[in-house]
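Commentary on secondary and tertiary structure
Listed below are the residues making up each chain.
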Amino acid sequence: MEYITLNNGVQMPKVGFGVFQVDDLAACEKAVAEAIDVGYRHIDTAVSYRNEEAVGAAIAKSGVPRDELFVTTKAYIHQMGYEKTLAAFDESLEKLGLDYLDLYLVHMPFGDYYGAWRAMEELYCAGRVRAIGVSNFGADRIVDLARNFEVVPAVDQLELHPFYQREDEISVLSGLGVAPECWAPFAEGLNGMFDNPVLAAIASAHSVSVAQVVLRWNVQRGVPVIPKSVHRERMEQNLDVFGFELTADEMAAIAALDLGRPQMFDPRDPAEVARVYDYMENPVLTTLQ
Ligand code: NAP
């Protein structure tokens, strides 16, 4: 495994395992157990995924020493605000069965995330979390946050894949010392990602899968990834991206696939913001990130 060094010196594995939409608890525990067995040491969950307890159960039963694992969870929008975020952190730790977190993220740039960030700074300074960061924050929001606080986010977890590459935003983040981290590296297969002819030709040239090309492309441009799969052979494949290198021409061919706009979730779209709040009010009838 290769690691990225965050702005406070903490090392984060460049490939992690995501558990969004694995909301059946038994299925989630099985998937995380299998992922750890396959070799993943970085797990990404969130309060809104409703599976922190399953992630915690798999970790507890794995027998892997705690300090070999990198565990991320996220505070959701109903948990924004100083007091609420402090309480949310304790709830997440309890569900995960852990006594510290590796990375705690503000999940969305909505609600009182300034109050939340004050709480997260406090948790960080108290040593209860090794790094703090945000998710779905455009570079503009990051610049603003960095101007108002002592602790600059270590990570901004963003939609980042060949169809939405965000090179300009990544360079702003990098200038501030914020590591971009990719969510939905395959855009969940939307827009025919797995059948794309450019990606398929590159995959064939390296005798790897399209999924591996997509992950390798992000990792090679310095962006860690957290693919999700409930299938063991795909988990293995997705972890195996350090044994080949894309050429400059291949990187350029992938750069040309950029559509320049979100394919899955746009936190700057009013309808999407409304959808996220609707989900909070009625999670049964709506879906979210
Ligand atoms: P994703 O990783 O882009 O795609 C997952 C889909 O790809 C699943 O349908 C999976 O199917 C399939 N897949 C995985 N590996 C494959 C392979 N090697 N070959 C073919 N198909 C493959 O989507 P995601 O789960 O939405 O994103 C990944 C993680 O990012 C999440 O789990 C979550 O931790 C995080 N995330 C964060 C946010 C945020 O707002 N911060 C939003 C979305 C996601 P199977 O499972 O059936 O194999």
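The coordinates are above.
Residues numbered from 1 in each chain as written. Predicted model: local features only at pLDDT ≥ 70, side-chain atom pairs only at ≥ 80, totals over all residues. Heavy atoms only, no water.

**Let's talk about the sheet that holds strand β6 (residues 101-106)**
- On the basis of which strands lie adjacent, the open sheet formed by 7 strands has the order β3-β4-β5-β6-β7-β8-β9 and parallel pairing. Sheet topology places β3 (17-18) and β9 (179-183) at the edges, where each strand pairs with a single neighbour.
- Pairing analysis gives 5 bridges linking strand β8 (residues 155-159) to β9, with the strands arranged parallel. Looking across to β9, one finds that L158 is bridged to C182. (Pairing = 2+ DSSP bridges. Helix = DSSP H or I, 4+ residues; strand = E, 2+ residues; numbered from the N terminus.)

**So, the site of the ligand**
- Taken together, 28 residues form the shell around the ligand, and within it D44, E188, K228, S229 and R234 come nearest.
- Measuring from an oxygen atom of the ligand, one finds a side-chain N or O atom of N136 at 2.9 Å.
- Within the side chain of H231, an N or O atom sits 2.9 Å from an oxygen atom of the ligand.
- Contact with the protein chains covers 91% of the free accessible surface of the ligand, which is 910 Å².
- More than half of the atoms belonging to the ligand lie within 2 Å of the grid points that define the largest pocket.
- With 3 residues, the single largest contributor to the shell around the ligand is helix α9 (residues 232-239).
- Across the shell around the ligand, the residue classes tally to 13 nonpolar, 10 polar and 5 charged. (Near = heavy atom within 4 Å. Polar contact = N/O pair within 3.5 Å; in protein donor to acceptor, adjacent residues only side chain to side chain. Areas by Shrake-Rupley, 256 points an atom, 1.4 Å probe, with all protein chains shown as cover. 1 Å grid on protein atoms, 1.4 Å probe; cavity = no way out; pocket = protein on both sides within 12 Å on 5 of 7 lines; lining within 4 Å. Sits in = over half its atoms within 2 Å of the grid points. Nonpolar A, V, L, I, M, F, W, Y, C, P; charged D, E, K, R; others polar.)

**Thoughts on the environment of P267**
- Within the element layout of this structure, P267 appears in the loop between α10 (248-255) and α11 (270-281).
- Given a relative accessible area of 18%, P267 falls into the buried group.
- C-alpha separation for the pair P267 and P109, spaced 158 residues apart in sequence, amounts to 7.7 Å.
- Apart from residues lying up to four places away in sequence, P267 is in contact with P109, F110, N136 and V273. (Buried < 20%, exposed > 50% of the residue type's maximum accessible area, 1.4 Å probe, protein only. Contact = heavy atoms within 4.5 Å.)

**Comments concerning the nonpolar core**
- One finds F17, V32, Y104 and V106 to be the most contacted residues of the largest nonpolar core, which totals 89 residues.
- Looking at this core, the element that brings in the most residues is helix α8 (residues 210-220), giving 7 residues.
- Dropping the residues within four chain positions of it, F17 is found in contact with A31, V32, A35, Y40, H42, I43, D44, I226, P227, S229 and M235. (Core = buried A, V, L, I, M, F, W, Y, C linked by side-chain atoms within 4.5 Å.)

**A few points about the packing of aromatic side chains**
- In this structure the tally under the stated criterion is 8 aromatic pairs.
- When the centroid spacing of 5.0 Å and the interplanar angle of 35° are considered together, the rings of F20 and Y49 count as tilted. Of this pair, F20 sits in the loop between β3 and α1 (25-38) while Y49 sits in the loop between β4 (42-44) and α2 (52-62), and the two are 29 residues apart along the sequence. The same class applies to F20 as to Y49, namely buried.
- Their ring planes at 50° and their centres at 5.2 Å tell us that F186 and F194 sit as a pair that is tilted.
- With a relative accessible area of 9%, F186 lands in the buried category.
- For F194, a relative accessible area of 39% puts it in the partly exposed group.
- One cation-aromatic arrangement involves R66 over Y100; the distance from NZ or CZ to the ring centre is 4.0 Å. (Phe/Tyr/Trp six-rings, centres within 6.5 Å; stacked < 30°, edge-to-face > 60°. Lys NZ or Arg CZ within 6 Å of the ring centre and 35° of its normal.)

**A short note on the side chain of Q79**
- With respect to the element layout, Q79 can be found in the loop between β5 (70-75) and α3 (82-96).
- We classify Q79 as buried; its relative accessible area is 6%.
- If sequence neighbours within four positions are ignored, Q79 has contacts with V47, K74, K84, T85, A88 and E91.

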